[in-house]
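Per-entry structural report
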Amino acid sequence: MQGPAYKMMRERLVKAAKAKRVPVLGHYELTARCNLNCKMCYVHTQDHSAAMKKELSTEQWKHIFDEACACEMQYATLSGGECLLRKDFRELYLHLWNKNVLITVMTNATLLDAEYVEFFKTYPPELVQISLYGSCEEGYLSLTGHKGFQKATTAVLALQDAGINVRAVATPSRYMTDDYIETVRVSKEMGINFTMSDMNLTRNRENPDQDDYFLTVDEIVDLMVRRSELSKKLVPVDSTPEPWGCMCEEPAVGLTCNAGNCLATVTFDGRMYPCSNAIIGDGYSVLELGYAGAWEKTKAVADAVKYGIECVGCPYDKLCSKCPTFRLKDLHSGHCNPDMCERTRKLVAAGVKKLNKE
């Protein structure tokens, strides 16, 4: 199911859905609870009692899934918090699986035991994505407040051995700078299918001004150079890079990514947003408006986003982050994030990325 033909088919389907504004992609945050306490988590809810009072019941989630499928949703991502904390996770998963929905599970894998491996082997997901938070138990303890390295890596390898499509991913932060490259190296040594993130972090929803976990542009560039050296993926540096910026008269309007075009995110309390990064306003209650009604309002939110006038026609455009939350100064200013521009230019100058001048 994961071969080139399947991937091409999926890309074409998503592209067609995006053009018609059909929500074929659904991201469902089943809970804000987590068994870890990561310092940079954008949900970061440790008050489990309060979180459980807000999160949806089994029947409410099933109703949302049914309505999503009626709106032609075909791919679902289940996340949290830690989605495996829900006692009804298997029941919710099977509700989607039995509707022939292709499912991605996002988890820290510390709860993913042999029973879960057998469950996923019997009812295969499209993908299990596992977050790694360090190269050893000490790294995990420092970042998450718990030891979890052995549990997570054992789960990844067990899923791989069972033939489950799995990938591990790590995103560096202020708390992981020194250990990030070691995590990449150790994962490679262990034979883990590891995907290196593009180093974007989402701000904490409860405290959006908390930014002490973000790296500076130079710190990110240094890590990405070291990562590329480790993977032997540095490219020849162009000694005459293209000029930066365009400054067109009018910014492009509306999100150009999947968010709000063919992707809807529903948070643990039943509110719909374009995506988990673009938490704009208070969202729309799926229980009150229905999935289709919330989707219509979510599309309007996506349409109101203004892209940066500096990005239109810029030769660095395709190399920058595709996510508007990081790419833009804010979602309605019509200007780009100057830090992202600086980062992209420095990555080209360092040989991590290459301009396509054709």
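Residues numbered from 1 in each chain as written. Predicted model: local features only at pLDDT ≥ 70, side-chain atom pairs only at ≥ 80, totals over all residues. Heavy atoms only, no water.

Looking only at helices and strands, the protein chain has 12 helices and nine strands in total. By principal-axis analysis of the C-alpha atoms, the protein chain measures approximately 60 × 45 × 45 Å. Looking at the protein chain as a whole, 50% of its 358 residues qualify as buried. By sequence separation, contacts in the protein chain at least 24 residues apart represent 73% of the contacts at least 6 residues apart. Working note: accessible area of the protein chain is about 17000 Å², and carbon and sulfur atoms make up 51% of it. Taking the 43 positively charged and 46 negatively charged side chains of the protein chain as two groups, their mean positions are separated by 4 Å. (Helix = DSSP H or I, 4+ residues; strand = E, 2+ residues; numbered from the N terminus. Buried < 20%, exposed > 50% of the residue type's maximum accessible area, 1.4 Å probe, protein only. Contact = heavy atoms within 4.5 Å. Areas by Shrake-Rupley, 256 points an atom, 1.4 Å probe, with all protein chains shown as cover. Lys, Arg positive; Asp, Glu negative; His and termini not counted. Charge placed at Lys NZ, Arg CZ, Asp CG, Glu CD.)

Attention now goes to helix H5 (residues 114-122). Residues Tyr116, Val117, Phe119 and Phe120 constitute the buried set of H5. Relative to the axis of H5, the buried residues are bounded by an arc of 160° and lie together on one face. Exposed residues on H5 whose side chains face more than 90 degrees from its buried face are Ala114 and Glu115. At its buried positions, H5 is contacted by helix H4 (89-97), strand S3 (102-107), strand S4 (127-131) and helix H7 (149-161). (Arc of directions from axis to C-beta.)

This part takes up the pairing of strand S2 (residues 75-79). Of all five residues in S2, five are buried, a share of seventy percent or more. Direction of pairing for strand S1 (residues 25-29) relative to S2: parallel, over a ladder of five bridges. Across the sheet, residue Glu29 finds its bridge partner in S2, namely Ser79. The pairing of S2 with S3 spans four bridges and is parallel. By the bridge assignment for S3, Leu78 is matched with Val105. Between the parallel elements S2 and S3, the chain passes through H4 in a crossover that is right-handed. (Pairing = 2+ DSSP bridges. Right-handed = clockwise from strand over helix to strand, strands pointing away.)

Bringing the side chain of Arg86 into the picture now. Residue position: Arg86 is located in the loop between S2 and H4. Within the structure, the side chain of Arg86 is placed 2.9 Å from the backbone oxygen of Leu56, a separation counted as a polar contact. Beyond its immediate stretch of four places on either side in the chain, Arg86 contacts Leu30, Thr31, Arg33, Glu55, Leu56, Ser57, Thr58, Trp61 and Leu92. (Polar contact = N/O pair within 3.5 Å; in protein donor to acceptor, adjacent residues only side chain to side chain.)

Orientation of helix H9 (residues 217-231) relative to helix H12 (residues 338-350), taken along the N-to-C sense of each, is 35°, at an axis distance of 10 Å. Between H9 and H12 lies a crossing whose hand is right-handed. Where H9 abuts H12, its residues Val217, Asp218, Ile220, Val221, Met224 and Val225 lie against Asp339, Glu342, Arg343, Lys346, Leu347 and Ala350. For the contact of H9 with H12, the per-class residue count stands at seven nonpolar, no polar and five charged. (Axes fitted to C-alpha atoms, helices over the stretch in contact; angles between N-to-C directions. Left-handed = near helix turned anticlockwise from the far one by under 90°. Nonpolar A, V, L, I, M, F, W, Y, C, P; charged D, E, K, R; others polar.)

With that settled, the discussion passes to the sheet that holds strand S5 (residues 166-170). Strands sit in the order S6-S5-S4-S3-S2-S1-S7-S8-S9 across an open sheet of nine strands; the sheet is mixed. Across the chains shown, the open sheet's two edge strands, defined by having one partner strand only, are strand S6 (194-196) and strand S9 (284-285). Two elements, S4 and S5, share four bridges in a ladder whose sense is parallel. Residue pairing across strands places Ile130 opposite Ala168, the latter belonging to S5. Contacts from helix H3 (residues 58-70) reach S1, S2 and strand S7 (263-266) within the one sheet, and its direction differs from that of S1 by about 170°.

Further remarks concern H9. For H9, built from 15 residues, the straight-helix expectation of 21 Å at 1.5 Å per residue is met to within 8% by its first-to-last C-alpha distance of 21 Å. Taken together, the buried residues of H9 touch helix H8 (177-190), S6 and H12. Count one or two residues on from H9 and you reach Lys232, which has phi positive near 55°. (Expected span 1.5 Å × (residues − 1).)

So, about the nonpolar core. Ranked by internal contacts, the top residues of the largest apolar core, which has 72 residues, are Tyr28, Phe89, Leu112, Phe120 and Tyr291. Looking at this core element by element, the count peaks at six residues for H9. Residues Val14, Tyr75, Cys275 and Val301 belong to the second largest nonpolar core, which totals 20 residues. (Core = buried A, V, L, I, M, F, W, Y, C linked by side-chain atoms within 4.5 Å.)

Glancing now at the pairing of S3. For S3 and S4, the ladder comprises four bridges, and the chain directions are parallel. The residue bridging Thr107 from the neighbouring strand is Ile130, located in S4. You can see the chain leave S3, run along H5 and come back into S4, and the turn it takes is right-handed.

Counted according to the given criterion, the structure contains 16 salt bridges. For the salt bridge of Arg21 with Asp303, the shortest nitrogen-to-oxygen distance reads 3.1 Å. Here Arg21, found in the loop between helix H1 (4-20) and S1, pairs with Asp303, found in helix H10 (residues 286-303); they are 282 residues apart in sequence, far enough to count as distant. With its nearest N and O atoms 1.9 Å apart, the salt bridge here joins Arg327 to Asp317. (Salt bridge = Lys/Arg side-chain N within 4 Å of Asp/Glu carboxyl O.)

Moving on, we get to the packing of H3 against H4. The contact between H3 and H4 brings their axes to 10 Å, and the two run at 20°. Considering the angle they form, H3 stands roughly parallel to H4. In terms of crossing hand, the pair formed by H3 and H4 is right-handed. Two secondary-structure elements touch here, H3 through Thr58, Glu59, Trp61, Lys62, Phe65 and Asp66 and H4 through Glu91, Leu92, His95 and Leu96. Considering only residue class, the contact of H3 with H4 consists of four nonpolar, two polar and four charged. (Parallel < 35°, antiparallel > 145°, perpendicular 65-115°, else oblique.)

Residue position: Thr265 is located in strand S7. Looking at Thr265, its side chain comes within polar contact range of the main-chain nitrogen of Ser276, at 3.4 Å. Sequence-distant contacts of Thr265, that is, excluding residues within four places in its chain, are made with His27, Glu29, Arg271, Met272, Tyr273, Pro274, Cys275 and Ser276.

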